Amino acid sequence: MTSAMRSASRDDLRVAIIGAGPAGMYAAEALLASDHCQNARVDVIDRLPTPFGLVRYGVAPDHVSIRSVRDTLDRILDRPGIRFLGGVHVDDGTRGIPLDLLRASYDAVVLTYGASTDRSLAIPGEDLAGSISATEFVRWYTGHPDSRPDEFTSLLSRASRIAVIGVGNVAVDVVRILAKTRAELEHTDMPEHVLAALEESAVREIYLMGRRGPAEAAWTTKELRELGELADASVRVDPRDIVLGPSSAALVADSKVAARNTAVIDQWVNQEAAHCSRTIHVRFFTKPVRLEGGAHGVESVVVERTEISESGSVSGTGEFETIPIDVVIRSVGYRGIELPGVPFDVQRGVVPNDQGRVLGPNGPIRGLYTSGWIKRGPSGIIGTNKKDAVETIKALLEDLDAGHLPRRRDDSDPTSVITGPVVDTQGWRRIDEAEKELGAQRSRSRTTIHDREAALRVGAPRD
Ligand code: NAP
């Protein structure tokens, strides 16, 4: 072995993790907790100035206890051997740091950059103004640096009727945030411009639409139930939507979640309608077939009634309805995007892998791994990423022990290849403090700093 080319052992392993969301943080934790890896060094790199990905910019701000996972993830950053490097964009070198350069500088690279875009609805009119993705909307209300503060202010001030398409947990989050009063959101870490725009919003009628029935909905019961507990919004369900066919009834008999979900929906059908400022119309067996409108934006959504066959397949019944609407929020799932130079399964929106080993045309690519949503697709709860990370790190360490990792270039600090406005762990701690101070000024525990430049200024290295 030449002195310039080093084969790593567990004791001097250097790993770069691309993406500092839960998947990346859990991968770092799993590595440092592995036998004989206490001296390994892990750099967790993110294009954003702040760590924790969807825990900051996905989990709804009013879900305070889920958001507190942030504290658990933050404690991982306290461990010796781990560094956060924020504000670092990795690609093929076109705009950011080339992945190949990182691969040459570290013993292994783990891709944990998640699923940052949205699945398409693939219906005519989807691109009309006023048809927005839940991904964009969630980014805006969580204060993501990629969203403009005024992005939805004017739209919300004009939209009295909103359709939210999809019946997963993201759709429930979006509906709840739209339907809550200022008092119900005041304590959250939402930026002030978001609170103000939601307070000023003209929203009165919200249509939450699922193409299948209540038994098949993707949401979880706790999240669903919250829709019925809002201060100034009532829920309506059409009684014909709770009639279950044989395949749905079998699902309810088999699945506790489906049984609990349908029980919540049944209860809403039977409850007395309360007089509230906002109404949430939960509609099942309702498939959007096109959005209609003009240059000024969407005006209506045309839906077709569906039915579920005995075998469980869904088909249209030919019964159409046009629902006047001002805004459509498409919440039909996230989707991973391709990192140039890395194999990508376009169909599934994931990096092809075997237990976390990235697969190229000729089998595993040495030294390249993946975990989280970009490995398995956008599903599961935050904790699912922990188990996923353990599997990937196990594969990485097996390869290391078997001498299958490529040799890294040399012993110099691999971050010497990283240029640009880097926010390190100390920088993140300063941003964290600044957010807490901003929150304290408004009697909240924290207010998210949404402005990228402001975050970079606070987080920039100090000599
Ligand atoms: P999801 O759970 O996959 O739900 C997507 C929804 O979109 C489903 O109802 C699906 O219906 C519907 N859909 C897909 N394509 C459609 C189409 N062409 N037309 C109409 N409807 C369509 O996705 P998500 O809500 O984005 O959530 C992603 C993950 O994050 C999930 O694992 C979720 O549990 C998790 N999450 C959890 C929380 C929480 O725990 N509080 C909060 C937010 C997100 P079909 O089933 O008929 O395809």
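Cut-off values and rules
- Residues numbered from 1 in each chain as written.
- Predicted model: local features only at pLDDT ≥ 70, side-chain atom pairs only at ≥ 80, totals over all residues.
- Heavy atoms only, no water.
- Pairing = 2+ DSSP bridges.
- Helix = DSSP H or I, 4+ residues; strand = E, 2+ residues; numbered from the N terminus.
- Axes fitted to C-alpha atoms, helices over the stretch in contact; angles between N-to-C directions.
- Buried < 20%, exposed > 50% of the residue type's maximum accessible area, 1.4 Å probe, protein only.
- Contact = heavy atoms within 4.5 Å.
- Polar contact = N/O pair within 3.5 Å; in protein donor to acceptor, adjacent residues only side chain to side chain.
- Near = heavy atom within 4 Å.
- Areas by Shrake-Rupley, 256 points an atom, 1.4 Å probe, with all protein chains shown as cover.
- Nonpolar A, V, L, I, M, F, W, Y, C, P; charged D, E, K, R; others polar.
- Domains from an automatic or database assignment.
- Buried area = accessible area lost by both parts, 1.4 Å probe.
- Salt bridge = Lys/Arg side-chain N within 4 Å of Asp/Glu carboxyl O.
- Parallel < 35°, antiparallel > 145°, perpendicular 65-115°, else oblique.
- Left-handed = near helix turned anticlockwise from the far one by under 90°.

K.L.:
Run through the sheet that holds strand β15 (residues 314-324), naming residues and quoting values.
P.N.:
Pairing in this open sheet of three strands is antiparallel, and the strands run β13-β14-β15 from one edge to the other. Strands with a single pairing partner mark the edges of an open sheet, and in this sheet they are β13 (286-294) and β15. Across this sheet, the average inter-strand angle for adjacent strands is 25°, counted without regard to direction. Pairing between β13 and strand β14 (residues 297-308): eight bridges, direction antiparallel. Across the sheet, the residue bridging to Glu292 is Ser300, located in β14.

K.L.:
Quick rundown of the environment of Asp345? Include the residues and the values.
P.N.:
Following the sequence through the fold, Asp345 ends up in the loop between β17 (334-335) and β18 (353-354). For Asp345, a relative accessible area of 23% puts it in the partly exposed group. The residues touching Asp345, leaving out its near neighbours within four places in the chain, are Val350 and Pro352. In terms of polar contacts, Asp345 uses its side chain to reach the backbone amide nitrogen of Arg348, at 3.1 Å.

K.L.:
Describe the site of the ligand, naming the residues involved and giving the relevant values.
P.N.:
Inspection of the region around the ligand gives 21 residues, with Val167, Val170, Arg211, Arg212 and Gly380 positioned closest. Here a nitrogen atom of the ligand sits 3.1 Å away from a polar atom, N or O, in the side chain of Glu223. Summarising the interface, the protein chains cover 81% of the accessible area of the ligand, which totals 920 Å² for the free molecule. A class-by-class count of the residues in the shell around the ligand yields nine nonpolar, seven polar and five charged. Each of domain 1 (10-116 + 336-422) and domain 2 (118-334) gives at least three residues to the shell around the ligand.

K.L.:
A description of the domain arrangement of the protein chain should follow, citing residues and the corresponding values.
P.N.:
Segmentation of the protein chain into domains returns domain 1 (10-116 + 336-422) and domain 2 (118-334). Each of domain 1 and domain 2 has a C-alpha centre, and these two points are 33 Å apart. Summing both partners gives a buried area of about 1600 Å² for domain 1 against domain 2, and 54% of it is carried by carbon and sulfur. For the salt bridge of Arg176 with Asp62, the shortest nitrogen-to-oxygen distance reads 2.7 Å. Contributing elements (two or more residues each) for the side of domain 1 that touches domain 2: α2 (53-57) and α3 (64-67). Among the residues forming the side of domain 1 that touches domain 2, the class breakdown is 12 nonpolar, three polar and five charged.

K.L.:
Can you break down the pattern of salt bridges residue by residue, with the values?
P.N.:
Counted according to the given criterion, the structure contains 40 salt bridges. Its salt-bridge partner being Lys180, residue Asp62 comes within 2.7 Å of it at the nearest N-O pair. With Asp62 in the loop between α2 and α3 and Lys180 in the loop between α8 (169-179) and α9 (182-185), this residue pair connects regions lying 118 residues apart in the sequence. With a relative accessible area of 9%, Asp62 lands in the buried category. For Lys180, a relative accessible area of 12% corresponds to the buried category. What you see here is one network of salt bridges that share partners, running through Arg56, Asp432, Glu435, Lys436 and Arg446.

K.L.:
Outline the packing of helix α6 (residues 134-142) against α8, listing residues and values.
P.N.:
For the pair α6 and α8, the least separation of the axes is 11 Å and the interaxial angle reads 50°. By the angle class used here, α6 and α8 are oblique. Considering the relative orientation of α6 and α8, their crossing is left-handed. Residues Ala134, Phe137, Val138 and Tyr141 of α6 form the contact with α8, whose own contacting residues are Val170, Asp173, Val174, Ile177 and Leu178. A class-by-class count of the residues in the contact of α6 with α8 yields eight nonpolar, no polar and one charged.

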